[in-house]
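Fold and geometry: a report
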Amino acid sequence: MDEHLQVARTGIDEIDAQHRKLLADLERLEFWMQKGFGLAATFDALDALLSYAETHFRFEEDFLRAQAYPDVEKHAAQHRDFMGQIANLRRSLEAGEDVARSLADAMRAWIVGHINDEDVEYADYLRRGWPRGQA
Ligand SMILES: [Fe+2]
Ligand SMILES: [Fe+2]
């Protein structure tokens, strides 16, 4: 097995815990795919991941709105683009195209990159902008 996926921490405990769960779901999906347990297991793992991703994105966007993060709409659009991109690949997979590997690779690249770049960016911004004693 690969080493566990690592991403940067935002320093916001609830969000870091959600990121860890998202990565664990992703590793589980990759595990089912590698083991060749077939499409049913792959779709189960994929749909669990997508449903959790949606929960996480909603939580993060609500949190960023509550914190009046100025780039929240841009951030939310990135979440939406990702969900749209994966929904397209999921449809191709369902239609019998051989896209499982590219779907897993796309998810891994986006999730890791998004957390390390965009999520860390809002965390840095909020930390700098938190002189009121929070965090
Ligand atoms: Fe996130
Ligand atoms: Fe995000």
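Residues numbered from 1 in each chain as written. Chains lettered and ligands numbered in written order. Predicted model: local features only at pLDDT ≥ 70, side-chain atom pairs only at ≥ 80, totals over all residues.

**Quick look at the overall build of the protein**
Tallying secondary structure elements over the protein gives four helices and zero strands in all. Listing every helix and strand of the protein by position from the N terminus yields α-α-α-α. Referenced to the eigenvectors of the C-alpha coordinate spread, the extents of the protein come out at roughly 55 × 30 × 20 Å. Contacts spanning at least 24 positions in sequence make up 56% of the contacts within the protein whose residues lie at least 6 apart. (Helix = DSSP H or I, 4+ residues; strand = E, 2+ residues; numbered from the N terminus. Contact = placed C-beta atoms within 7 Å.)

**As for the confidence of the model for the protein**
Per-chain confidence: the protein averages 90 in pLDDT, with 93% of residues scoring 70 or above. Within the protein, the lowest mean pLDDT, 93, falls on helix α1 (residues 13–34), and the highest, 96, falls on helix α3 (residues 72–94). (pLDDT = per-residue confidence, 0-100.)

**A closer look at helix α4 (residues 100–128)**
Given a rise of 1.5 Å per residue, 29 residues ought to cover 42 Å, and the 41 Å separating the end C-alpha atoms of α4 matches this to within 8%. When the local axis directions of α4 are compared, the greatest deviation, roughly 35°, occurs at His114. Tucked inside the fold, the buried residues of α4 contact α1, α2 (39–66) and α3. (Expected span 1.5 Å × (residues − 1). Bend = angle between axes of the 7 residues up to and from the residue.)

**Describing the nonpolar core**
Ranked by size, the top nonpolar core spans 14 residues in total, and within it Leu26, Leu29, Ala45, Leu49, Ala104, Met107 and Ile111 carry the most contacts. Where this core is concerned, the elements lending two or more residues are α1, α2 and α4. The greatest single-element share of this core, amounting to six residues, is contributed by α4. Those residues in contact with Ala104 that sit more than four places away from it in its chain are Leu29, Glu30 and Met33. (Core = buried A, V, L, I, M, F, W, Y, C linked by C-beta atoms within 7 Å. Buried ≥ 20, exposed ≤ 12 C-beta atoms within 10 Å, placed from the backbone.)

**Description of unusual backbone geometry**
Most peptide bonds take the trans form, and the phi angle of most residues other than glycine is negative. Not every positive phi belongs to a glycine, and Ala68 is a case in point at roughly 55°. Structurally, Ala68 is set in the loop between α2 and α3.

**Points about the environment of Leu23**
Along the chain, Leu23 falls in helix α1. Judged by the 19 C-beta atoms lying within 10 Å of it, Leu23 falls in the partly exposed class. Residues Leu23 and Leu49, spaced 26 residues apart in sequence, show a C-alpha to C-alpha distance of 9.0 Å. Those residues in contact with Leu23, other than ones at most four positions away along the chain, are Leu5 and Val7.

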